[in-house]
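Chain and residue survey
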Amino acid sequence: MQIGVEISRVLENKRIFVVDTDEVSRAALQFMLHDENETHELADLNDAYAKAETGKPDLILLGSGIVAASGAGVLPQLVEHFPGVRILLIAESDDDDMIRQARKAGAHGVLRKPLRIEMVRDKVDIMLGRKAPVIVPLTVLTSRTQG
């Protein structure tokens, strides 16, 4: 086990599928998440569907390369095949037309590269309902002139 791993999360045994054409990203994410989750790295959606026969995922980390190759229509198919699953896109940026279309089609968020362990674990914990997202209230301040 790595330092900073919470035993309660290990016992929950949440199942995560990392589905990405990029082998390096898959391996990195699997390494970052395997201590607290049952994490599986898969090269394509057919592998994900086959793996689901032994147990459905709680979260899918979906590479933008798969969305680029299959189109944003792949998201409704995933949602239909895996009811209740949360989907995070793995992408360079969330300011991209393809990513915006994927978000509208059913993705719940974006996991931006470069991947850092703290950021990845934090985002995954939020998606799995283990922690609430941090929301910072904004207050608009206006200046008043006195005269």
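The structure we're discussing is the one just above.
Because the structure is a prediction, the values reported are computed rather than measured.

What to know about the pattern of salt bridges
Overall, the coordinates contain six salt bridges when judged by the stated rule. The shortest N-O distance in the salt bridge between Glu38 and Arg15 comes to 2.7 Å. Of the two residues, Glu38 is situated in strand S2 (residues 38-42) and Arg15 in strand S1 (residues 15-19); the sequence distance between them amounts to 23 residues. The residue Asp125 makes a salt bridge to Arg130 at a minimum N-O spacing of 3.1 Å.

So, the packing of aromatic side chains
In total, this model carries two aromatic pairs according to the counting rule given. Look at Phe17 and Phe82: their rings are 6.4 Å apart centre to centre, the planes differ by 90 degrees, and that puts the pair in the edge-to-face class. Of this pair, Phe17 sits in strand S1 while Phe82 sits in the loop between helix H5 (74-81) and strand S4 (86-91), placing them 65 residues apart in sequence. For the residue pair Phe17 and Phe82, the accessibility class agrees, reading buried in each case. Relative to Phe82, the ring of Tyr49 has its centre 5.8 Å away and its plane inclined at 25 degrees; by these criteria the two rings are stacked. Of this pair, Tyr49 sits in helix H3 (residues 45-51) while Phe82 sits in the loop between H5 and S4, placing them 33 residues apart in sequence. Members of the aromatic cluster, connected to one another through ring pairs, are Phe17, Tyr49 and Phe82.

About the thresholds
- Residues numbered from 1 in each chain as written.
- Predicted model: local features only at pLDDT ≥ 70, side-chain atom pairs only at ≥ 80, totals over all residues.
- Heavy atoms only, no water.
- Salt bridge = Lys/Arg side-chain N within 4 Å of Asp/Glu carboxyl O.
- Helix = DSSP H or I, 4+ residues; strand = E, 2+ residues; numbered from the N terminus.
- Phe/Tyr/Trp six-rings, centres within 6.5 Å; stacked < 30°, edge-to-face > 60°.
- Buried < 20%, exposed > 50% of the residue type's maximum accessible area, 1.4 Å probe, protein only.

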